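# Observations on the model geometry
Chain by chain, the residues run as shown.
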Amino acid sequence: MDHFWIFPLLGVVAGVLAGLLGIGGGLVLVAALVWVLPLFGIPREAAMHAALASSLASIVLTAASSAFAHHRRGSVMWPTVAWMVPGLLLGGWLGSGLAVYLDDDVLRWVVAIYCLIAGAQMAFGGTRKGGATGESVAPPRGWPMTAAGTGIGAMSAVVGIGGGSMTVPLLVWRGIAPVRAVGTSSACGVAIAIGSALGYALHAPAGALPEHAVGYVYLPAAIGVAIASVLAAPWGTRLAHAIGGTALKRVFAIFMVVMGISILVAG
């Protein structure tokens, strides 16, 4: 099938959702790619692995673009990023290595359950109280941040995301203002995506996918999605500012449930 235009289209959708919801772009990619990749000759039993790998590979460029934009606004805490990166890279590598050896159906359930948990947390979780800016709080440093990065990287690799749904709450819990937490998380997402994508590419068995692939990373999907999502994310960001916070929470919660069910049905 030569309809490779579908991957930039998915990138636009994922980019808008990532900008609108803050997180979720990776999850919508995984859910969509599970359905689409078999149309391009990807064996159905490898579709989940390929969807996760290709989503993470595309996040490298998307997260880098977001991190640069946040850096220009001074909202990336680079000392924290430096402490977390070794753990994020290691976690991404280990998590993808584990995922490669998991059965396709097991992976589907893991990702689906993660979607449902994230949706429930957004729908029923309380709003965190704290300082409006958090500017006086020193960037978190030390080996505990490296250890946290390892866990975040591993879980992100298994569910195919950039880790924002875990990194942001961690930093906010440490007293960091949400805007700085999001900016720092975007920079951390680059390391997660690199470690995870390399893991899916190099841990995969020989001949895991047909042509146009490196390990489980299907290159047309990863490249097409990455370029389009970078261009589309600002649209979602502008839309997010036009929608109230309560409405956004409801949209996100419903979105997560739909993604989880979609991934299970695709199997």
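Residues numbered from 1 in each chain as written. Predicted model: local features only at pLDDT ≥ 70, side-chain atom pairs only at ≥ 80, totals over all residues. Heavy atoms only, no water.

### As for helix α4 (residues 78–101)
Quick note on the threshold: Each helix is a run of H or I in the DSSP string that is no shorter than four residues. Each strand is a run of E no shorter than two, and both are numbered from the N terminus. Expected span of a helix, by definition, is 1.5 Å for each gap between consecutive residues, and there is one gap fewer than residues. In this analysis the local bend is the angle between axes fitted, respectively, to the seven residues ending at and the seven residues starting at the residue. Each residue's exposure class comes from its accessible area (1.4 Å probe, protein chains only) as a fraction of the maximum for that residue type: buried when under 20%, exposed when over 50%, partly exposed otherwise.
Along its 24 residues, α4 runs 34 Å from first to last C-alpha, staying within 8% of the 34 Å computed at 1.5 Å per residue. Bending of α4 peaks at approximately 40 degrees at the position of Met 84, with proline Pro 86 no more than four residues after it. The set of residues buried in α4 consists of Thr 80, Val 81, Met 84, Gly 87, Leu 88, Gly 91, Gly 92, Gly 95, Ser 96, Gly 97, Ala 99 and Val 100.

### Focus on the packing of α4 against helix α8 (residues 178–203)
In plain terms, the rule: The axes are straight lines fitted to the C-alpha atoms, using for helices just the contacting stretch, and the angles between their N-to-C directions are given from 0 to 180°. Put simply, angles under 35 degrees are roughly parallel, angles over 145 are roughly antiparallel, angles from 65 to 115 are roughly perpendicular, and the rest are oblique. In this scheme, a crossing is called left-handed if the near helix is turned counterclockwise away from the far one by less than a right angle; it is called right-handed if the turn is clockwise. Classification used: nonpolar for Ala, Val, Leu, Ile, Met, Phe, Trp, Tyr, Cys and Pro, charged for Asp, Glu, Lys and Arg, polar for all others including Gly.
Axis separation between α4 and α8 bottoms out at 7 Å; the angle between their running directions is 30 degrees. Between α4 and α8, the angle falls in the class roughly parallel. Note that α4 runs across α8; the crossing there is right-handed. Taken together, the residues that form the contact of α4 with α8 break down as 17 nonpolar, nine polar and no charged.

### Brief notes about the nonpolar core
Soluble globular proteins: nonpolar side chains tend toward being buried together. Inclusion rule: Buried residues of nine kinds, namely Ala, Val, Leu, Ile, Met, Phe, Trp, Tyr and Cys, make up a nonpolar core once their side-chain atoms join them within 4.5 Å. In this analysis, two residues are considered to be in contact whenever any of their non-hydrogen atoms come within 4.5 Å of each other.
Counting 52 residues, the largest nonpolar core has Phe 7, Leu 37, Val 111 and Tyr 216 as the members making the most contacts within it. Per element, the largest residue contribution to this core is nine residues, and it comes from helix α2 (residues 25–36). If sequence neighbours within four positions are ignored, Tyr 216 has contacts with Ala 46, His 49, Ala 50, Ala 53, Ser 54, Val 100, Tyr 200, Ala 201, Ala 204, Pro 205, Ala 208 and Leu 209. Ranked by size, the runner-up nonpolar core spans 18 residues in total, among them Ala 67, Val 81, Leu 88 and Val 168.

### Some details on the environment of Ala 213
Mapped onto the secondary structure, Ala 213 falls in strand β1 (residues 213–214). Given the relative accessible area of 26%, Ala 213 is considered partly exposed. Separated by 163 residues in sequence, Ala 213 and Ala 50 place their C-alpha atoms 9.3 Å apart. Sequence-distant contacts of Ala 213, defined by excluding residues within four places in its chain, comprise Tyr 218 and Leu 219.

### Notes on a nonpolar patch on the surface
What counts is decided by this rule: Patches draw on residues past 30% relative accessible area with no salt bridge. Two like charges within 9 Å are joined, as are two nonpolar side chains (Val, Leu, Ile, Met, Phe, Trp, Tyr) within 5 Å. Computed with a 1.4 Å probe, the accessible areas rest on the Shrake-Rupley method; for each residue, only the protein chains presented here act as cover. We define a salt bridge as a contact between a side-chain nitrogen of Lys or Arg and a carboxyl oxygen of Asp or Glu at a distance within 4 Å.
A grouping of Leu 89, Leu 90, Trp 93, Leu 94, Ile 194, Leu 198 and Leu 202 is seen on the molecular surface, where their side chains present a nonpolar patch of about 620 Å² in accessible area. Among the elements of the structure, α4 and α8 are those that each provide at least two residues to the nonpolar patch. Of all the elements, α4 adds the most residues to the nonpolar patch, at four residues. Residue placement: Trp 93 occurs in helix α4. Taking the relative accessible area as the measure of exposure, Trp 93 reaches 33% and is therefore partly exposed.

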